[in-house]
Amino acid sequence: MTGAPALAGQHPEYMVRQLERFAGADADDPYRRRSTTMAHTIVGLPRSQWRRVAEALSAQDCAFHGNAELTTLTPNQCASCHGARGLSGDPAVPNLAGQDIRYLYYQYQKLREPFLPDIPGIEKSNQPQRLHPVMGPLAAQLTDGVVSILQYYSKLPCR
Ligand code: HEC
């Protein structure tokens, strides 16, 4: 689906955490995330199975096996958290390696402007909203270089 994330190689803990946010959508939650698609999906998925499902999705083969030619990134304000090769050491920080470029770009925009309306090419029924106290302010400092950083990450192997 356009705008849906690749989950192969993603930290299962991160996925479970995001499911909690989609399920809660509590107005006071500073990390809240809202998506019609995800809200419907969660209804049919008992909480007791989230971890197991997340582990199975994480264990999938990388959809894209990466570009071995890519070495390291030039300007990297992102590597301290997301890793020089897009693999983070902290399960609270998502891996960006091998992620769908449209997803990366769109989420980056959402984190920057949490109430950004739908953009063309993204599911109409999906009206996501995303707030994050750390990544939000960081994304607000959007620079021209970010697009190439996101492109770089999307071309790396997912694990
Ligand atoms: C201080 C640590 C930190 C730095 C530096 C950082 N990020 Fe993040 N980023 C995070 C965290 C934490 C999240 C997860 C937010 C959440 O849980 O909703 C995140 C989420 C994201 C996401 C959403 C990914 C997904 O799977 O949903 C993107 C895209 C992203 N960051 C891009 C960047 C880029 C590009 C940079 C550099 C300009 C950057 N980040 C720098 C901590 C950081």
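Computed from a predicted model, the values in this text were never measured in an experiment.

The rules behind these values
- Residues numbered from 1 in each chain as written.
- Predicted model: local features only at pLDDT ≥ 70, side-chain atom pairs only at ≥ 80, totals over all residues.
- Helix = DSSP H or I, 4+ residues; strand = E, 2+ residues; numbered from the N terminus.
- Buried ≥ 20, exposed ≤ 12 C-beta atoms within 10 Å, placed from the backbone.
- Contact = placed C-beta atoms within 7 Å.
- Near = placed C-beta within 6 Å.
- Nonpolar A, V, L, I, M, F, W, Y, C, P; charged D, E, K, R; others polar.
- pLDDT = per-residue confidence, 0-100.

A few words now on the overall build of the protein. The secondary structure content of the protein amounts to 7 helices and 2 strands. Secondary structure elements in the protein, listed N-terminal to C-terminal, are α-β-α-α-α-α-β-α-α. Within the protein, the fraction of its 159 residues that count as buried is 23%. For the protein, contacts bridging at least 24 residues in sequence account for 71% of all contacts bridging at least 6.

Moving on to the site of the ligand. Taken together, 20 residues are adjacent to the ligand, and Cys78, Cys81, Pro94, Gln107 and Met135 come closest. Of all the elements in the fold, those that place two or more residues in the shell around the ligand are helix H4 (79-82), helix H5 (101-112), helix H6 (135-140) and helix H7 (145-154). Classifying every residue of the shell around the ligand by side-chain character gives 15 nonpolar, 5 polar and no charged.

In regions of low pLDDT, the predicted coordinates are not meant to be interpreted in detail. In the predicted model, the protein carries a mean pLDDT of 83, and the fraction of residues at 70 or more is 81%. When mean pLDDT is compared element by element in the protein, helix H3 (residues 50-58) scores highest at 97, while strand E2 (residues 129-130) scores lowest at 80.

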